[in-house]
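Listed below, chain by chain, are the residues.
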Amino acid sequence: MAAVTETIETVQAATEGTYKWGFETDIEMDFAPKGLNEGIVRFISAKKNEPAWLLEWRLKAFAHWQTMTEPTWPSVHYPKIDFQDAFYYAAPKQGPKSLDEVDPELLKTYAKLGIPLKEQAFLAGVEGAGESAADARMPIAVDAVFDSVSVATSYKERLAKDGIIFCAISEAVHTHPELVQQYLGTVVPTGDNFYAALNSAVFTDGSFVYIPKGVRCPMELSTYFRINAKSTGQFERTLIIADEGSTVSYLEGCTAPMRDENQLHAAVVELVALDDASIKYSTVQNWYPGDAEGKGGIYNFVTKRAQCRGKRSKVSWTQVETGSAITWKYPSCVLLGEDSVGEFYSVAITNNYQQADTGTKMIHVGARTKSTIVSKGISAGHGQNTYRGLVRVAPTAKGARNFTQCDSLLIGDQCGAHTVPYIENRCLTAKLEHEATTSRIAEDQLFYCRQRGLTQEEAVGMIVNGFCREVLKELPMEFAVEAQKLLQISLEGSVG
Amino acid sequence: MLRIQGLTAEVDGKQILKGIDLEVPTGEVHAIMGPNGSGKSTLSYVLAGRDGYVVTGGTATFNGVDLLALEPEARAAAGVFLAFQYPVELPGVGNANFLRTALNAVRRGRGESELDAMQFLKLARARMKELNMPEDMLKRGVNVGFSGGEKKRNEVLQMALLAPQLAILDETDSGLDIDALKIASDGVNALRGPNFSALVITHYQRLLTYIVPDRVHVLMGGRIVRSGGKELALELEASGYGAAQAA
Ligand SMILES: Nc1ncnc2c1ncn2[C@@H]1O[C@H](COP(=O)(O)OP(=O)(O)OP(=O)(O)O)[C@@H](O)[C@H]1O
Ligand SMILES: [Mg+2]
């Protein structure tokens with residue numbers, strides 16, 4: 001059928017033309033020698049001038065990693081990764097400096113990506129004003145991680161006035177060693193899983209956030225991850241601690257150049273919420289997904305976990321996963337504190353040959369803990385999308401509650417959607433609800449939209465955005481708009 | 001002018017339209033009546049370009065433009081609007097967002113500037129007031145949970161906003177209460193003018209006392225079997241379609 005060839009062409013045009021973050025920055029870089037061994041671990045630690053305890057910690061993780069094997073349980077398929085055939089450290093030659101001194105090439109890169117690194121005048125009192133879009137835009141503090149290092153962090157001084165620490169984790173190791181040592185690896189232990197162990201051994205940079213007692217963070221914090229160098233893995237480590245009664249909203253974004261090779265991004269993110277603290281963690285993941293034939297793209301193998309240690313603490317994960325060749329990711333909440341709350345809102349799109357195996361784990365330990373899971377999976381082209389979620393309720397979690405809703409949307413007939421819920425309930429008074437649906441974009445919906453003047457692409461974008469609404473509304477407003485556009489771009493050419 | 005000549009079309013390999021000849025001069029409103037299953041909705045879908053409605057012969061032009069060669073959205077941009085017999089639900093898609101996107105798409109097609117959110121809201125509120133529609137319908141999902149009559153009113157609202165040159169109303173009166181019927185008819189009459197034409201599909205003569213047609217056509221078995229002035233509707237109501245065909 002003509003429509004089919006047309007679709008293929010549009011898909012190609014879409015993937016080649018619309019990943020507008022696919023450019024490369026030409027900048028002098030410092031590399032570690034290729035490959036992975038104890039020497040590389042020491043090299044990275046030395047580069048960062050780390051204290052002895054951290055080197056020990058890394059070496060232990062590395063020794064553990066060497067005894068481990070890659071997980072095979074996810075529903076994703078890829079050729080075996082040669083861990084010796086990659087660089088584990090790549091950093092711009094010019095080291096991190098103050099905002100005014102950052103290499104202009106890097107500033108240009110971030111400007112091109114639409115990431116504001118420049119600080120705007122921060123007006124006292126605008127905090128409460130952000131009701132409508134027309135109001136003054138809230139400033140956003142950004143930590144920019146370029147390959148293996150953080151190249152700039154904005155609004156640091158302003159945040160420090162409230163006692164908030166927001167900086168690169170490599171910097172926090174020096175400026176706040178006691179906090180880092182107290183919390184690092186306590187949520188995701190070094191030997192937690194294959195990729196977490198690898199990350200613990202060779203992690204290079206990421207963000208560190210500490211919100212002191214009773215402080216409501218006055219602006220969005222965000223980290224923008226950029227992979228630029230060839231054949232380089234990115235091993236991000238992020239640690240966020242919300243002390244008693246504090247509140248923070250944090251967002252991460254990520255992009256990479258278009259390349260034929262697959263590159264590995266293996267991150268570990270740890271969140272700790274103490275009594276009455278609340279952390280909202282949003283991700284808009286837009287790593288290069290590979291081309292229309294499935295060549296290239298990022299392997300996004302990530303361990304993200306939160307501990308609600310405090311009573312009435314709350315952690316909310318919101319993720320919009322549109323990029324990556326393969327996504328393997330389960331942002332989880334360990335609900336230890338009584339009455340603590342965990343939430344997971346997810347949109348995952350797989351188009352062309354993308355694969356995603358993503359979901360969450362909600363571990364209920366404390367009494368009356370509550371969790372909500374809303375997952376929206378969209379598969380198009382040859383995309384494979386798996387929701388994998390665990391709800392575990394310990395005998396101690398009296399009166400715990402979980403609500404899970406998993407919806408899958410299929411576009412075309414060559415893609416797949418799979419829902420794999422695991423429920424382990426050892427508490428009689430717990431109440432668990434699970435709903436799941438699978439649907440297709442109906443022809444009458446498309447026709448209705450097109451009759452009203454929308455193009456096929458706009459129609460798909462609109463229907464998909466509608467399908468994801470419950471998740472998108474959880475995003476901070478400015479990112480919600482970005483995410484909506486991204487959803488449409490990711491699906492361009494998927495319907496013919 | 002809408003000109004349809006010898007139009008034949010099939011659905012799932014089944015011939016439904018068996019040679020439609022119909023002309024609606026610019027500025028006129030024509031009614032189409034006919035028994036269930038005679039092909040009225042099929043004709044409207046074919047004119048709007050729905051997938052699966054395969055044209056096997058004949059032509060359809062609007063102001064000289066070959067409609068059948070255009071994608072559905074291009075037909076919309078050319079001024080063709082279809083009020084659906086069964087309006088479609090779009091879960092999670094806000095009505096305001098949908099209406100504004102549609103309006104801007106059509107405006108783009110007409111070479112007009114796009115409206116921002118504020119301009120749109122002003123316009124939409126004014127039209128909704130005329131149609132006596134509660135404003136909260138803008139916030140709800142498109143047609144989701146709307147009553148049958150509300151869905152039809154939402155179609156009329158879309159028509160009023162998009163201001164088409166050719167409106168095809170497929171049983172827009174079915175399901176409307178008496179007041180809503182008047183209001184909806186006013187909506188159509190407000191658009192009437194030298195640059196507006198309409199095809200009004202209905203089963204009820206009553207609608208045609210509000211929207212007075214220039215011509216009435218009877219569609220049976222995939223063909224126009226009879227045409228006449230507005231009095232034909234009254235005659236049909238009195239004596240049924242059997243007599244219409246015989247006459
Ligand atoms: N997919 C299909 N396969 C076979 N026949 C179909 C299909 N779709 C529609 N038809 C038939 O086409 C004929 C015309 O349908 P259409 O909806 O155009 O009728 P209508 O005149 O609008 O009727 P009503 O007054 O009930 O709305 C009907 O007999 C219907 O069953
Ligand atoms: Mg009909």
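Values in this document were obtained by computation on a predicted structure and should not be read as measured data. (Residues numbered from 1 in each chain as written. Chains lettered and ligands numbered in written order. Predicted model: local features only at pLDDT ≥ 70, side-chain atom pairs only at ≥ 80, totals over all residues. Heavy atoms only, no water.)

Asks: Which parts of the structure should I look at to understand unusual backbone geometry?
Replies: For residues besides glycine, phi is generally negative; the peptide bonds are generally trans as well. The residue Asn-352 of chain A is not glycine, and still its phi comes out positive at about 50°. Among the structural elements, Asn-352 of chain A can be located in the loop between strand E17 (341–350) and strand E18 (355–364). Residue classification places Asn-352 of chain A among the buried residues on the basis of a relative accessible area of 9%. Notably, Glu-171 of chain B is not glycine yet its phi reads approximately 50°, a positive angle. Structurally, Glu-171 of chain B is set in the loop between strand E9 (166–170) and helix H6 (178–191). (Helix = DSSP H or I, 4+ residues; strand = E, 2+ residues; numbered from the N terminus. Buried < 20%, exposed > 50% of the residue type's maximum accessible area, 1.4 Å probe, protein only.)

Asks: Looking at this model, I keep getting lost on the sheet that holds strand E6 (residues 80–83) of chain B. Mind explaining?
Replies: Working definition: the strands of a sheet are paired by backbone hydrogen bonds and lie parallel or antiparallel to each other. Residue and element names in this part refer to chain B. Taken together, the 6 strands give an open sheet; going across it, the order is E6-E9-E10-E3-E11-E12, and neighbouring strands pair in mixed fashion. Taken across any chain shown, the strands that pair with only one partner, and hence form the sheet edges, are E6 and strand E12 (223–228). On average, each strand axis in the sheet is inclined to that of its neighbour by 20°, with strand direction left out of account. Across 5 bridges, E9 lies against strand E10 (residues 197–201) in parallel orientation. Bridge pairing links Asp-170 to Ile-201 in E10. Against the sheet, helix H1 (residues 40–48) contacts strand E3 (29–33), E6, E9, E10 and strand E11 (215–220), and its axis sits at roughly 150° relative to E9. (Pairing = 2+ DSSP bridges. Axes fitted to C-alpha atoms, helices over the stretch in contact; angles between N-to-C directions. Contact = heavy atoms within 4.5 Å.)

Asks: Sorry, what's going on with the coordination of the magnesium ion (ligand 2) here?
Replies: When a metal carries six donors in an octahedron, the ideal angles between them are 90 or 180 degrees, while four donors in a tetrahedron ideally lie at 109.5 degrees. All names here are of chain B. On the protein side, the magnesium ion (ligand 2) has Ser-41 (OG) and Gln-85 (OE1) as donor atoms, found 2.0 to 2.1 Å from it. Placement of the pair is Ser-41 in helix H1 and Gln-85 in the loop between E6 and strand E7 (90–94), with a sequence separation of 44 residues. Summarising the burial analysis for this pair, Ser-41 and Gln-85 share the class buried. (Donors = N, O, S within 2.8 Å, 3.2 Å for Na, K, Ca; no water.)

Asks: Which parts of the structure should I look at to understand helix H8 (residues 194–202) of chain A?
Replies: Because each turn of an α-helix spans 3.6 residues, side chains separated by three or four positions in sequence point in the same direction. All names here are of chain A. Judged by how many residues are buried, H8 sits mostly within the fold: 9 of 9 residues are covered. For H8, the complete set of buried residues consists of Phe-194, Tyr-195, Ala-196, Ala-197, Leu-198, Asn-199, Ser-200, Ala-201 and Val-202. Residue Asn-193 occupies the N-cap position of H8, its side-chain oxygen lying 2.9 Å from the main-chain nitrogen of Tyr-195. (Polar contact = N/O pair within 3.5 Å; in protein donor to acceptor, adjacent residues only side chain to side chain.)

Asks: Would you mind showing me how to read the site of ligand 1 here?
Replies: Residue and element names in this part refer to chain B. Around ligand 1 sit 15 residues, and of these Gly-37, Lys-40, Ser-41, Thr-42 and His-203 come closest. Gln-85 has a polar side-chain atom sitting 3.0 Å from an oxygen atom of ligand 1. Isolated, ligand 1 exposes 650 Å² of accessible area, and the fraction of that covered by the protein chains is 67%. Of all elements in the fold, only strand E2 (14–24) and H1 reach the threshold of two or more residues within the shell around ligand 1. The dominant element in the shell around ligand 1, judged by the number of residues it contributes, is H1, at 3 residues. Classifying every residue of the shell around ligand 1 gives 3 nonpolar, 8 polar and 4 charged. (Near = heavy atom within 4 Å. Areas by Shrake-Rupley, 256 points an atom, 1.4 Å probe, with all protein chains shown as cover. Nonpolar A, V, L, I, M, F, W, Y, C, P; charged D, E, K, R; others polar.)

Asks: Before we go on, may I ask you to explain the interface of chain B and chain A in this structure?
Replies: Frequently, the measure chosen for interface size is the accessible area removed from exposure when the parts meet. Listed as interface residues are 33 residues of chain B and, on the opposing side, 19 residues of chain A. Contact with chain A buries surface across chain B, with Arg-50, Glu-73 and Val-88 of chain B losing the most and accounting together for 25% of the total. Counting across the interface, chain B meets chain A through 5 salt bridges. In this structure, the salt-bridge partner of Glu-458 of chain A is Arg-108 of chain B, at a minimum N-O distance of 3.1 Å. Counting every contact that joins chain B to chain A gives 13 residue pairs in polar contact (both at pLDDT 80 or more). Among the secondary structure elements, those contributing two or more residues to the side of chain B that touches chain A are H1, helix H2 (72–77), E6, E7, helix H3 (95–109) and helix H5 (148–162) of chain B. A total of 7 residues in the side of chain B that touches chain A trace back to one element, the largest contributor, which is H3 of chain B. Classifying every residue of the side of chain B that touches chain A gives 20 nonpolar, 6 polar and 7 charged. (Buried area = accessible area lost by both parts, 1.4 Å probe. Salt bridge = Lys/Arg side-chain N within 4 Å of Asp/Glu carboxyl O.)

Asks: When you look at the confidence of the model for chain A in this model, what are you seeing that I'm missing?
Replies: Low pLDDT means the predicted atomic positions in that stretch should not be read closely. Residue and element names in this part refer to chain A. Within chain A, residue pLDDT values average 83, and 86% of them lie at 70 or more. Here residues 1–16 scores under 50 on pLDDT; set against residues more than four positions off or in separate chains, the count is 22 contacts. Predicted confidence for residues 121–136 stays below pLDDT 50, and this span has 14 contacts to residues more than four positions away or in other chains. (pLDDT = per-residue confidence, 0-100.)

Asks: Would you explain the confidence of the model for chain B in this entry?
Replies: Residue and element names in this part refer to chain B. Overall, the predicted model of chain B reaches an average pLDDT of 92, with 98% of residues at or above 70. Looking at the elements of chain B, mean pLDDT is at its lowest for helix H8 (residues 231–246), recorded as 80, and at its highest for H1, recorded as 97. Listed scores for the predicted complex are pTM 0.83 and ipTM 0.96.

Asks: Is there a simple way to explain the sheet that holds E2 of chain B in this structure?
Replies: All names here are of chain B. Pairing within the open sheet is antiparallel, and its 4 strands lie in the order E2-E1-E4-E5. At either end of the open sheet lies a strand with only one pairing partner, and these are E2 and strand E5 (65–66). Across 2 bridges, strand E4 (residues 53–62) lies against E5 in antiparallel orientation. Bridge pairing in E5 links Thr-61 to Asp-66. Taken strand by strand, H1 contacts strand E1 (2–11), E2 and E4, and its axis lies near 105° from that of E1.

Asks: Sorry if this is basic, but what is going on with the environment of Asp-26 of chain A here?
Replies: All names here are of chain A. Along the chain, Asp-26 falls in the loop between helix H1 (2–18) and strand E1 (29–31). Owing to a relative accessible area of 68%, Asp-26 belongs among the exposed residues under this scheme. Taking the C-alpha atoms as reference, Asp-26 lies 9.0 Å from Asn-228; in sequence the two are 202 residues apart.

Asks: Looking at this structure, I do not really get the pattern of salt bridges. What am I missing?
Replies: Once their charged atoms are close, side chains differing in charge can pair, the charge on each being opposite to the other. All names here are of chain A. Tallying each qualifying case throughout the model produces 35 salt bridges over all chains. Measuring nitrogen to oxygen at the nearest pair gives 3.6 Å for the salt bridge that ties Glu-343 to Lys-314. In this pair, Glu-343 is assigned in strand E17 and Lys-314 in strand E14 (residues 314–321), connecting sequence segments 29 residues apart. The exposure class assigned to Lys-314 is partly exposed, which follows from its relative accessible area of 32%.

Asks: Honestly, empty space enclosed by the protein in this entry has me stumped. Any pointers?
Replies: The method is simple in principle: a probe with the dimensions of a water molecule rolls over the atoms, and the space it marks as empty is what remains. Residue and element names in this part refer to chain A. Applying the stated rule across the entire model yields 8 cavities of 30 Å³ or more. Quantified by volume, the second largest cavity comes out at close to 100 Å³. Lining the second largest cavity we find 15 residues, and of these Ser-375, Lys-376, Gly-377, Asn-385 and Tyr-387 sit closest to its centre. Where the lining of the second largest cavity is concerned, the elements lending two or more residues are E17, strand E19 (370–380), strand E20 (384–393), strand E21 (401–411) and strand E22 (416–425). (1 Å grid on protein atoms, 1.4 Å probe; cavity = no way out; pocket = protein on both sides within 12 Å on 5 of 7 lines; lining within 4 Å. Points joined across faces, edges and corners; volume = space filled by probe spheres on them.)

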